[in-house]
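Report on the structure
Chain by chain, the residues:
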Amino acid sequence: DAGVTQSPTHLIKTRGQHVTLRCSPISGHKSVSWYQQVLGQGPQFIFQYYEKEERGRGNFPDRFSARQFPNYSSELNVNALLLGDSALYLCASSEWLEETQYFGPGTRLLVL
Amino acid sequence: DAKTTQPNSMESNEEEPVHLPCNHSTISGTDYIHWYRQLPSQGPEYVIHGLTSNVNNRMASLAIAEDRKSSTLILHRATLRDAAVYYCILRDRGGGSNYKLTFGKGTLLTVNP
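Keep in mind it's a predicted model, so treat the numbers as computed, not measured.

**Observations concerning the sheet that holds strand E1 (residues 5-7) of chain A**
Working definition: the strands of a sheet are paired by backbone hydrogen bonds and lie parallel or antiparallel to each other. Residue and element names in this part refer to chain A. Pairing is antiparallel in the open sheet, where 4 strands are placed in the order E1-E3-E8-E7. If you trace the sheet from one side to the other, it starts and ends with E1 and strand E7 (64-68), each paired once. Looking at each pair of strands side by side, their axes are set apart by 15 degrees on average, direction ignored. Relative to strand E8 (residues 74-78), E7 is paired through 5 bridges, and the arrangement is antiparallel.

This is the structure in structure tokens:
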């Protein structure tokens, strides 16, 4: 079975631009979570979705938004990019909210 | 969120056992202990989790202290592919609506050939 997939793998943007990152969960998984990992740190929680509803939000500004689609895939959107948004963005899926989360390979975003 | 304390780094030799400690003195009764690892340039990989009893799977063993204030991840025979950052995470399954994972800095495991 395919694991969590994310696209694109790498992305370069400039300050002020907008970016959309995509995630496809493991087949049968209904929950998707997003994390940001800056260099040298552990991943930080951004959002959790379950059955298309937001079920948790981390301490991130309103420039960050996400949604989950009927097929359980998800998008993370970041507006007005800042240099500090440069990071590895990780998507994790789980069968239910409380079940084990499995991570994708991440999208590496560089903001210049 | 309950916090965990891990050594910044550890070193091991190939084919020897590795014991990675984690302290979590403020653990609550509904916190599960999860371990993930992250190899260079990859997303975190689930290793094992447990509540009270010791747990074994094909990757590792998890030994949980009787008072649950500490735990140890055991890799029975380290290989070069086990070199990674290992994260010990407490996750509340007590019925709250937010089941996020709160990562610390983890333990960087170096495996020597």
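Moving on from the model shown.
**Some thoughts on the pairing of E7 of chain A**
For a regular strand, side chains alternate in direction, first toward one face of the sheet and then toward the other. Side chains of E7 of chain A alternate between two faces, with Phe 64, Ala 66 and Gln 68 of chain A buried and Ser 65 and Arg 67 of chain A left unburied. Linking E7 of chain A to E8 of chain A, which pair antiparallel, is a turn of 5 residues; within it Tyr 72 of chain A sits at a positive phi near 75 degrees.

**Comments concerning the interface of chain B and chain A**
On the side of chain A, 22 residues touch chain B, which itself brings 19 residues to the contact. A buried area of about 1600 Å², summed over both sides, lies between chain B and chain A, and 50% of it is on carbon and sulfur atoms. One can count 0 salt bridges joining chain B with chain A. Counting across the chain B and chain A interface gives 6 residue pairs in polar contact (both at pLDDT 80 or more). Sorting the residues of the side of chain B that touches chain A by element identifies strand E3 (31-38), strand E4 (45-50) and strand E8 (84-92) of chain B as the ones contributing at least two each. If one sorts the elements of the side of chain B that touches chain A by residue count, E3 of chain B sits on top with 3 residues. Of the residues belonging to the side of chain B that touches chain A, the class tally is 7 nonpolar, 8 polar and 4 charged.

The rules we used
Residues numbered from 1 in each chain as written. Chains lettered and ligands numbered in written order. Predicted model: local features only at pLDDT ≥ 70, side-chain atom pairs only at ≥ 80, totals over all residues. Heavy atoms only, no water. Pairing = 2+ DSSP bridges. Helix = DSSP H or I, 4+ residues; strand = E, 2+ residues; numbered from the N terminus. Axes fitted to C-alpha atoms, helices over the stretch in contact; angles between N-to-C directions. Buried < 20%, exposed > 50% of the residue type's maximum accessible area, 1.4 Å probe, protein only. Contact = heavy atoms within 4.5 Å. Buried area = accessible area lost by both parts, 1.4 Å probe. Salt bridge = Lys/Arg side-chain N within 4 Å of Asp/Glu carboxyl O. Polar contact = N/O pair within 3.5 Å; in protein donor to acceptor, adjacent residues only side chain to side chain. Nonpolar A, V, L, I, M, F, W, Y, C, P; charged D, E, K, R; others polar.

Scope: geometric values only; no functional claims are made or implied.
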